[in-house]
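Coordinates in review
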Amino acid sequence: MDAAPLLRTEGLSRYFGGVKALSELTFAVRKGFIQAVIGPNGAGKTTLFNVISGVFPQTSGKVFFQEEEITGLPTHVIARRGLTRTFQNLRLFSEMTVLENIMVGMHLQSRGGFLASAFRLPWVLREEKRIREESLGWLDFVEMTQYANIPAASLPFGKQRILELARGLALKPSLLMLDEPAAGLNIRETEELAALILRIRDNGITVLLVEHDMDLVMGISDHVTVVDQGIKIADGDPETVRNDERVLKAYLGEE
Amino acid sequence: MGTPYGGFGVFALFLLFLPLAVTNDYYLNILIFIGIHSIIAMGLDLLMGYTGQISLGHAAFFGLGGYISGILTAKWGWTALAGLPFAILGVGLIAWIIGVPTLKLHGHYLAMATLGFGMIVFIFFNELVPLTGGPSGLTGIEGVSVLGFAFDSDLKYYYLVASALLLSLLLSINIVRSRVGRALRAIHGSEVASSVLGVNVARFKVAIFVLSAVYAALAGWLYAHYITFLSPSSFGFLFSVKLVTMVVIGSLGSIWGGIFGAALLTSLPEFLFVFEKYETTVFGLILILVMIFMPRGLLRGIEDMVLRVLESRVKGEGSKG
Amino acid sequence: MSLDQQILQYLITGVTVGSIYALIGMGFNIIYNSTEIINFAQGEFVMLGGLFTVTGIRVLHLPLPFAALMAVMAVALIAILFDVVAIRPLKDASSITLIIITIGASIFLRGIASILWGKEPYPIPAFSGEDPIPFFGAVIQPQSLWVMGITVLIVLGLRQFFNRTIIGKAMLASAFQPKAARLVGIDTRFMTLISFGLSGFVGAAAGIVIAPISMAQYDIGIMIGLKGFCAAIIGGLGNFWGVVLGGVALGVLESLGAGLISSGYKDAIAFGILLIMLFFRPQGILGKGKGDRV
């Protein structure tokens with residue numbers, strides 16, 4: 001097993017005017033782990049995701065992925081390196097079908113460009129067939145094959161969340177970042193999600209998730225990082241973190 | 001989407017035999033213009049309907065395609081055929097140069113940037129008199145001839161335009177149904193989500209902008225060598241608006257929408273010729289009404305209406321229709 | 001005229017024209033601030049202001065001030081009607097749909113104008129005569145002074161309106177935070193209505209005051225509307241002082257360019273500046289994201 005972490009940040013900061021959304025945040029994600037980032041509302045967790053994935057620039061600090069610096073790289077380049085994410089507010093391609101959404105996830109697994117596609121060259125047609133088959137495979141993996149051809153917007157909410165997750169899987173990432181994947185899910189759906197995340201980890205994909213649902217976090221995480229007001233206040237295995245004084249104060253203090 | 005190639009085949013046959021139904025050279029003339037406008041509209045639809053961008057300056061690319069080839073033939077004696085690759089490459093290059101900074105913008109800012117560009121090109125058409133002939137126009141443009149065969153009648157030119165239209169249509173269908181088409185539609189759906197999945201959003205947006213400009217350039221080439229005369233007034237803001245209208249009214253994001261919209265808006269003035277004074281007013285009114293009542297465009301609007309009628313039939317009694 | 005005097009002359013023209021651009025741009029800002037819509041029909045409000053005044057003078061035989069008042073009211077009414085009929089039903093439509101609707105309205109209004117008034121230009125008498133006033137070797141047309149003066153009046157009046165009156169402040173509130181505004185009982189739809197009316201008023205005023213110089217005609221709206229919009233973008237879309245700055249800057253640069261370089265490309269200067277602003281500083285000179293509103 002790799003001693004070097006798959007993802008790590010070094011003194012990462014992000015200020016919005018006067019607000020310090022992230023403050024000198026340093027943490028790491030080990031390969032093959034399921035790691036959670038938790039913290040009270042407004043703690044900066046989604047900002048952390050946004051900065052790591054290149055959606056926002058950092059104000060200072062660095063991000064390393066597979067020990068190569070990715071700070072400030074454009075989002076699609078970071079994706080090419082094997083890092084992708086889902087969104088708290090769901091950003092499905094609502095006008096496209098469920099299957100098509102997954103097929104977009106396979107964008108980096110294919111090469112057909114404008115000219116080759118316009119003239120329907122044989123290798124592009126073969127590639128299309130492969131993309132379609134593999135995408136169906138991913139739908140099968142998340143048990144949503146029956147929804148393949150319906151518009152993504154028509155899916156029930158719980159399935160939409162799973163779809164966005166599956167779309168990220170299709171990229172065959174080394175690290176999959178999930179931003180509040182359980183938000184809005186009922187208990188049964190959350191349990192299914194937990195099982196799915198475990199299966200994803202067992203397939204060799206490292207998972208980093210931001211979550212509010214404590215049962216989910218404590219149940220499946222190998223490692224937990226706690227953030228409050230942009231600062232890391234705890235970092236360790238679930239049991240230790242759960243009993244950490246600072247963590248309790250951060251959560252209880254806000255009520 | 002069904003089988004678009006089936007539809008394509010039917011359409012090709014339709015175009016092949018259409019002249020038989022046309023009694024009068026004047027109508028053939030209109031069909032040629034519909035064909036030319038359809039090519040621009042298809043390209044613009046790829047940009048607007050599929051990728052979700054907007055251009056209020058596409059008349060500029062249409063004009064540039066026409067003027068580049070027109071000037072090469074009228075002033076330097078080139079053949080029309082030789083002018084074509086230069087028109088296409090020239091417009092492609094210009095579109096790429098202006099596209100890179102422009103497609104970084106969104107919404108109104110993007111609309112205004114394309115509008116500004118269109119206006120600047122229009123002013124240059126008017127002012128570069130030694131090159132373009134200025135407001136009085138450029139005359140003496142060659143007709144098209146390939147290997148000695150001259151497209152010197154309306155009927156022959158109709159088939160030239162129809163072939164160009166079918167080729168553009170086929171390429172559009174292929175692109176839309178491919179990985180590229182999915183990437184474009186994904187960009188329309190969510191730029192952030194697309195980039196997180198590895199789609200180089202900026203590159204695709206510029207690429208489709210260039211492609212749509214090239215379609216317009218091809219149409220401009222066909223136009224210039226048909227009329228053999230170019231005047232800047234054909235390539236101003238109003239024509240850019242008309243192009244956008246064709247696409248939007250036809251139906252954004254539906255391959256046939258551009259052709260439908262082009263056919264409608266090109267033939268409309270013919271129906272209104274008696275009321276020429278009212279043409280602008282009616283045009284504006286149509287725009288407003290369609291946007292209010294059928295914002296997804298006429299093709300989709302009609303499709304929706306038909307579906308609703310069918311649904312209510314299926315539901316039988318107890319439905320409110 | 002020496003070069004200095006020529007430049008002074010261009011500056012005078014530039015400030016005059018720039019004032020008009022500022023007024024028109026103000027109209028764009030008022031509507032943009034309350035609805036986030038760019039009203040492409042703004043230029044037609046300008047056009048109609050001039051043409052209605054012509055009708056007031058020639059057909060109704062009203063003295064100029066009354067004809068102007070009538071024109072301004074008529075255009076404000078048309079603007080309000082436009083809001084109710086075309087904009088309100090489509091508040092949630094995509095920005096492309098809204099752009100097209102306002103373009104459609106602009107074309108429609110122009111068409112109606114060409115039917116009612118024909119295509120010829122109509123002069124309006126200058127407000128206080130045409131004797132040029134000497135000014136350091138250049139001359140100022142009295143009408144230019146009217147243009148600048150009325151612009152200053154309207155600008156200051158609007159400033160007072162938005163900062164001191166309850167309705168004005170309510171409009172700002174509902175532009176900044178529509179939900180919060182509704183919670184304290186402000187009727188945001190009514191605010192939008194007023195913003196259209198105000199915008200029509202300002203546009204018409206611009207049209208009336210410039211008509212003695214450049215004539216009232218059915219198609220003056222397009223170019224002048226676009227340039228007013230450029231002024232707004234240059235200063236920062238939605239920004240009050242920005243549009244004044246942008247308008248004057250645009251007018252002066254355009255006038256200097258036309259005089260010193262070439263007059264054929266005059267309009268290209270405006271659009272060139274627009275492109276440069278959009279590419280390098282889309283938030284405008286004074287804009288800072290969603291900062292300073294009208």
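**A closer look at the overall build of chain A**
For chain A, the helix and strand inventory stands at ten helices and ten strands. The C-alpha radius of gyration of chain A comes to 19 Å, within 12% of the 18 Å expected for a compact globule of 255 residues. For chain A, the spread of C-alpha atoms along the principal axes amounts to about 60 × 40 × 40 Å. Among the 255 residues that make up chain A, the fraction classed as buried is 43%.

**Quick notes on the interface of chain B and chain C**
Facing the 31 residues of chain B at the interface are 35 residues of chain C. When residues of the side of chain B that touches chain C are traced back to their parent elements, those giving at least two are helix H5 (107–127), helix H11 (237–250) and helix H13 (279–293) of chain B. Looking at the side of chain B that touches chain C element by element, the count peaks at twelve residues for H5 of chain B. A class-by-class count of the residues in the side of chain B that touches chain C yields 23 nonpolar, six polar and two charged.

**Quick notes on the interface of chain A and chain B**
With 32 residues of chain A at the interface, the matching set in chain B holds 23 residues. Only helix H2 (75–81), strand S6 (83–85), helix H3 (98–105), helix H4 (114–118) and helix H5 (122–141) of chain A provide two or more residues apiece to the side of chain A that touches chain B. Here the side of chain A that touches chain B is built from residues that sort into 13 nonpolar, eleven polar and eight charged.

**A few points about unusual backbone geometry**
Backbone geometry places serine 251 of chain B, a non-glycine residue, at a positive phi of 145 degrees. Locating serine 251 of chain B in the fold gives a position in the loop between H11 and helix H12 (257–271). The buried category is assigned to serine 251 of chain B, around which 24 C-beta atoms lie within 10 Å. Positive phi is not limited to glycine here, since methionine 215 of chain C has a value of about 70 degrees. Counting through the fold element by element, methionine 215 of chain C comes out in the loop between helix H8 (188–214) and helix H9 (221–235).

**Thoughts on the pairing of strand S1 (residues 7–16) of chain A**
Residue and element names in this part refer to chain A. In this structure, S1 lies alongside strand S2 (residues 19–29), joined through seven bridges in antiparallel fashion. Its bridge partner lying in S2, arginine 14 is registered against leucine 22. Once S1 ends, the chain turns through two residues before running back antiparallel as S2, passing glycine 17 with a positive phi of about 60 degrees. With five bridges connecting them, S1 and strand S4 (residues 60–65) associate as antiparallel partners. Within S4, the residue paired with arginine 8 across the bridge is phenylalanine 64.

**What about the packing of helix H1 (residues 3–35) of chain C against helix H5 (residues 142–164) of chain C?**
Residues and elements named next belong to chain C. In contact at an axis separation of 9 Å, H1 and H5 are set at 35 degrees when each is read in the N-to-C sense. In terms of crossing hand, the pair formed by H1 and H5 is left-handed. Along its contact with H1, which presents Ile12, Val15, Thr16, Ser19, Ile20, Ala22, Leu23 and Met26, the element H5 presents Ser144, Val147, Met148, Thr151, Ile154 and Leu158. Taken together, the residues that form the contact of H1 with H5 break down as ten nonpolar, four polar and no charged.

**Describing the nonpolar core**
A general tendency of soluble globular proteins is for nonpolar side chains to be buried together. Ranked by internal contacts, the top residues of the largest apolar core, which has 277 residues, are Ala217 of chain B together with Ala205 of chain C. Element by element, the count of residues in this core is highest for helix H10 (residues 201–227) of chain B, at 20 residues. Contact partners of alanine 205 of chain C, with chain neighbours within four places excluded, come to Leu23, Gly49, Val72, Ile150 and Ile154 of chain C.

**Some points on the sheet that holds S4 of chain A**
Each strand in a sheet pairs with its neighbour through backbone hydrogen bonds, running either in the same direction (parallel) or in the opposite one (antiparallel). Residue and element names in this part refer to chain A. With antiparallel pairing, the four strands of this open sheet are ordered in space as S2-S1-S4-S5. Pairing within the sheet leaves two strands with one partner each, and these edge strands are S2 and strand S5 (68–69). Docked against the sheet, helix H1 (residues 45–52) engages S1, S2 and S4, running at close to 70 degrees with respect to S2.

**Here's the deal with the environment of valine 252 of chain C**
Residues and elements named next belong to chain C. Relative to the elements of secondary structure, valine 252 occurs in helix H10 (residues 240–260). Spatially, the C-alpha atom of valine 252 lies 34 Å from that of isoleucine 167, the residues being 85 residues apart in sequence. Among residues more than four places away in sequence, those in contact with valine 252 are Leu11, Gly14, Val15 and Gly18.

**Some details on H3 of chain A**
The buried count for H3 of chain A comes to eight of eight residues, which makes it a mostly enclosed element. What H3 of chain A keeps buried is the set Val98, Leu99, Glu100, Asn101, Ile102, Met103, Val104 and Gly105 of chain A. Of the surrounding secondary structure, the elements contacted by the buried residues of H3 of chain A are H5 and helix H6 (157–169) of chain A together with helix H8 (179–189) of chain B.

**Some points on the confidence of the model for chain C**
Residue and element names in this part refer to chain C. The predicted model of chain C averages 88 in pLDDT, with 97% of residues at 70 or higher. At the low end of the mean pLDDT range in chain C sits helix H7 (residues 178–183), at 80; at the high end sits helix H2 (residues 42–58), at 94. Across residues 290–294, confidence stays below pLDDT 50; counting only partners more than four residues off in sequence or on other chains, it has 14 contacts.

**Concerning the sheet that holds strand S7 (residues 175–179) of chain A**
Residue and element names in this part refer to chain A. With respect to topology, six strands assemble into an open sheet ordered S6-S7-S8-S3-S9-S10, the strand pairing being mixed. Among the strands making up the open sheet, the edge pair consists of S6 and strand S10 (231–236). Along the sheet, successive strands turn relative to each other by an average axial angle of 15 degrees, direction set aside. The sheet contact formed by strand S9 (residues 223–228) and S10 spans five bridges and is antiparallel. Note that in S10 the partner of valine 227 across the bridge is lysine 232. Across the sheet, helix H7 (residues 187–202) lies against strand S3 (34–38), S7 and strand S8 (206–210), angled at about 145 degrees from S8, the strand it touches most.

**Quick notes on the packing of H8 of chain B against H10 of chain B**
Each pair of packed helices can be described by the angle between their axes along with the distance between the axes. Residue and element names in this part refer to chain B. Look at H8 against H10: their axes get within 10 Å of each other, and the N-to-C directions meet at 110 degrees. Compared by their axis directions, H8 and H10 come out roughly perpendicular. The element H8 and its partner H10 pack so that their crossing is left-handed. On H10, the residues that touch Ala183, Leu184 and Ile187 of H8 are Val201, Phe204, Lys205 and Ile208.

**Quick notes on the pairing of S3 of chain A**
Residues and elements named next belong to chain A. Burial analysis of S3 places five of its five residues in the buried class, the great majority of the element. Residue alternation in S3 divides its side chains into two sets, Ile34, Ala36 and Ile38 and Gln35 and Val37, and both sets are buried. Alignment of S3 against S8, held across four bridges, turns out to be parallel. Directly across from isoleucine 34, in S8, lies its bridge partner valine 207. In this structure, S3 lies alongside S9, joined through four bridges in parallel fashion. Following the sheet pairing, valine 37 is matched in S9 by threonine 225.

**What to know about H10 of chain B**
Residue and element names in this part refer to chain B. Its 27 residues place the ends of H10 39 Å apart at the C-alpha level, agreeing with the 39 Å of an ideal helix rising 1.5 Å per residue. Of all 27 residues making up H10, 24 are buried, and the element is well covered by its neighbours. Immediately beyond the C-terminal end of H10, within one or two residues, lies threonine 228, with a positive phi of roughly 55 degrees.

Definitions and cut-offs
Residues numbered from 1 in each chain as written. Chains lettered and ligands numbered in written order. Predicted model: local features only at pLDDT ≥ 70, side-chain atom pairs only at ≥ 80, totals over all residues. Helix = DSSP H or I, 4+ residues; strand = E, 2+ residues; numbered from the N terminus. Rg over C-alpha atoms; globule rule 2.2 N^0.38 Å. Buried ≥ 20, exposed ≤ 12 C-beta atoms within 10 Å, placed from the backbone. Contact = placed C-beta atoms within 7 Å. Nonpolar A, V, L, I, M, F, W, Y, C, P; charged D, E, K, R; others polar. Pairing = 2+ DSSP bridges. Axes fitted to C-alpha atoms, helices over the stretch in contact; angles between N-to-C directions. Left-handed = near helix turned anticlockwise from the far one by under 90°. Core = buried A, V, L, I, M, F, W, Y, C linked by C-beta atoms within 7 Å. pLDDT = per-residue confidence, 0-100. Parallel < 35°, antiparallel > 145°, perpendicular 65-115°, else oblique. Expected span 1.5 Å × (residues − 1).

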